[in-house]
Amino acid sequence: MAEYLNCPLCGFEFEKLDTLCAHGCPLGGSCNFVRCPSCQYEFLEHQRKVSWLHRLFGREEAQKPRLPEGIVPLRDLKRGEQARVICLGGDNGSRHNTLAVFGLVPEAEITLVQQLPACVVQVGETELAVDPAIAREILVERLA
Amino acid sequence: MNRAQRADDTANPGKVTVLVGNPNVGKSVLFKNLTDRYVTVSNFPGTTVEIVEARASFDGHEVAVIDTPGINDLSQRSDDARVTRELLAKHDDATIIQVADARNLRRALLLTLQLADLKRPTVLVLNMADELEERGGQIDCARLSEILGVPVVMTVAPRNQGTRQLIEALPRAQPPSGSWLAAEPVNEYVGNRARLGQVNDILAETYSMSQPESPSLKVRLGFWAMHPVKGVGFLAVALLAVFWIVGLFGAGTLVDLLETGVFRQQVAPIAIQAVDAVLPFPHTHETESIPLGVSVPLSPVHELGIVTAQREVIVPAYQEPADISLSLRQQVWRFLHDLLVGEFGTITMALSYALAIVLPIVTTFFLVFSILEDSGYFSRMAIMVNRVFRIMGLNGKAVLPMILGLGCDTMATMTTRILETRKERIITTMLLALAIPCSAQLGVLLALMAALSPAGAIFWIGLLVAVIFAVGWLTSRLFPGQTSEFILEVPPMRRPHVKNVVAKTYARLNWYLKEVIPIFVIGTAILFLLERLGFLTVIARVGEPLVTGWLGLPAEITNAFLVGFMRRDFGAVYILDAAIGADPVLSPHQILVAMVTITLFMPCFANFLMIAKEQGVRVAWRMAGFIFPFAFLVGGAVNHLGEWLNT
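Residues numbered from 1 in each chain as written. Chains lettered and ligands numbered in written order. Predicted model: local features only at pLDDT ≥ 70, side-chain atom pairs only at ≥ 80, totals over all residues. Heavy atoms only, no water.

Remarks on the overall build of chain A
So, point 1. On a plain count of helices and strands, chain A comes out with 3 helices and 10 strands.
So, point 2. Listing each helix as α and each strand as β along chain A from the N terminus yields β-β-β-β-α-β-β-α-β-β-β-α-β.
So, point 3. Taking all 144 residues of chain A together, the buried fraction comes to 38%. (Helix = DSSP H or I, 4+ residues; strand = E, 2+ residues; numbered from the N terminus. Buried < 20%, exposed > 50% of the residue type's maximum accessible area, 1.4 Å probe, protein only.)

Right, here's the structure in full:
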């Protein structure tokens, strides 16, 4: 599978194969730089940190997508509100399937039982608790 | 959590029936109804970890019935589904009994449509028909049977209703009609979405549910138990109840009664006299007056006395006349005498300890645990603690092994299998071995705590919690891998059935006693030999600088730590002996240091073996290599901190 990289300078997305900066570069395989084919900016492919140090102090950044009118993350529903699931979000196939076997699929109608300490929804006759992090990614449409 | 599969059951081929179904729908109860063999049944999804098989006779036909772990789908991903798949592939003539929760037909039918692809004779059992009725739901069984092309039977498994009809329906089992999926789906998720669409069509024809009126008390209790504010109160009440029943009643009243009243006053003297009669050598046992006070606890410091009695009895300690030298035969007899009823004797120490101290505590704990488990509270507890457990790289599901660890760490280490990733299993195993005191030890530690000031007791608990979080956090950061996502079904609150609770407590106790008593006996025998051969003094001398210098404890306590390697509650008993009595050897400060150190020790040799079995020998050694120095490190830190504060 091709690996895609994002240029930190111009934002151009390109395949990793296109990144060789110059043939015959004396550094060869030991060079960690890649070059953006669009703006020629050279950058480190991976921010090399000592992995356990990274695990100890590293933090993942939260991202907020922009959403169409009327569609909210499951996390923003209030107690007792009913909603229809629009998409499960993320690209985690195993999570999608886990949710699906409990009946939580797009088009399913749900009732929110509670948000704290974990998000609990009622899908049909099943009460299902999901982590707030997952609830943030599931998008739903409020039903009147 | 189940008893292991018996090899002789599988050897004989013949008609095979496999119970398959979603988790927590009552497969295990139905299995018991069909075969009269008990497996652990609980109201927590994922209790059946292993496959259990038994023979049964239906209308004169010999049939093998197999119980499987609950599965939500037949995908390859989860271990349970793979186990079930392989089992069905092995028995290609097997009849499938699909057990479904009648109230949750949607999910059951999703599984039915997946099972339909296997083209096996199937019977669909709609269990919990009474709870469906209670909620005002109705299922048209005849129509459902017509659509699916398989017999459909309604049952209420705990009351053994419908078992007869199920057995009658078995010969009529046939593969589900038609093909449900038009084309092979791209992936599981797409396939399941298509199936769910079909399930909705079937439900529209066969299922009706009247709108419920006001929620019943049970439903409301269920809501409160996971409410962000009321839930915390609920948790506090539950923990207090556990503490009162196990810590005060089990470890106090029952232990007093059994240990002092039965063992020390009755059994031990009789055993000593019997052994003396069989193996005579010149000696006289000392006598001691042992007081007995049995009382019902009202609070940690108040109690209601029932019985007090004092008896003058003989104790294992004895004196030999100084001027007589023993013949060889007498020396052998003295050796055997000491092995049986000496201070490290099998009867006087191992058995009295296992049966009189550990047994009552563990019994009360398992009883309370079973009640909580069957009520469906643990899932709600998992929701309550999920966020806090995240700090340690775990999710809420780890609460079950952690609480079970308060009963028996070894058993809890086994149940870490219900966790999904290796990372979670390692972290939980580590925390169990390090800082969760098991009930045997808790009993002794609670007694020790009585000798401390309340501030000391709070410091001890606070330190343990801090250690759990700190070590959990560090392990989760340092150990590569993912924490699984927290997606947990919340089962409805149910009233626990007395029969089920008793049977489950009995099954756990049975396992515990079979595992633990031999270890007690062997451990004590090893200790006895070490003492006899003089190793105890040698090791004590080597370890002494560490104990006296770093921990600031008297040299005798070295023995306690030495024993602590065998069983850490054994070690705690040693400290208890040194701390309580007419002239205590230890000051409160020293008791605290000793308590902290011994709590952080690996619980027992059995736990080490279980870690090696579940996670591999290397992991077990690494954990031991971390835990023992860490225990001494923290103990020493407490010692020096305390001394520094005093000066």
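Once the structure has been displayed, the description carries forward.
Re the overall build of chain B
So, point 1. If you tally the helices and strands in chain B, you get 25 helices and 11 strands.
So, point 2. Counting across all 647 residues of chain B, residues that qualify as buried make up 55%.
So, point 3. Expressed as a percentage of contacts within chain B between residues at least 6 apart in sequence, the contacts between residues at least 24 apart total 76%.
So, point 4. Total accessible area computed for chain B in this model is approximately 28100 Å², and 63% of it derives from carbon and sulfur atoms. (Contact = heavy atoms within 4.5 Å. Areas by Shrake-Rupley, 256 points an atom, 1.4 Å probe, with all protein chains shown as cover.)

Overview of the pattern of salt bridges
When charged atoms on two side chains of opposite charge get close, those side chains can pair.
Residues and elements named next belong to chain B.
So, point 1. If you walk through the whole model with that rule in mind, you get 22 salt bridges over all chains.
So, point 2. The salt bridge partner of K504 is D374, with a shortest N-O separation of 2.4 Å. Taken as a pair, K504 in helix α19 (residues 498–533) and D374 in helix α12 (residues 346–375) lie far apart in primary sequence, 130 residues in all.
So, point 3. The exposure class assigned to K504 is buried, which follows from its relative accessible area of 0%.
So, point 4. The structure contains a network of salt bridges with shared partners spanning D101, R103, E131 and R494. (Salt bridge = Lys/Arg side-chain N within 4 Å of Asp/Glu carboxyl O.)

Focus on the interface of chain B and chain A
So, point 1. Counting residues at the interface gives 38 residues for chain B and 39 residues for chain A.
So, point 2. Together chain B and chain A conceal approximately 3300 Å² of surface at their shared face, both sides included; 56% is due to carbon and sulfur atoms.
So, point 3. Counting the surface chain B buries against chain A, the share from its top three residues, Y189(B), R477(B) and I487(B), is 21%.
So, point 4. Counting every contact that joins chain B to chain A gives 2 salt bridges.
So, point 5. Where chain B meets chain A, there are 10 residue pairs in polar contact (both at pLDDT 80 or more).
So, point 6. Secondary-structure elements contributing two or more residues to the side of chain B that touches chain A are α4 (105–116), α8 (188–206), β8 (207–209), α13 (377–391), α18 (454–478) and β11 (487–489) of chain B. (Buried area = accessible area lost by both parts, 1.4 Å probe. Polar contact = N/O pair within 3.5 Å; in protein donor to acceptor, adjacent residues only side chain to side chain.)

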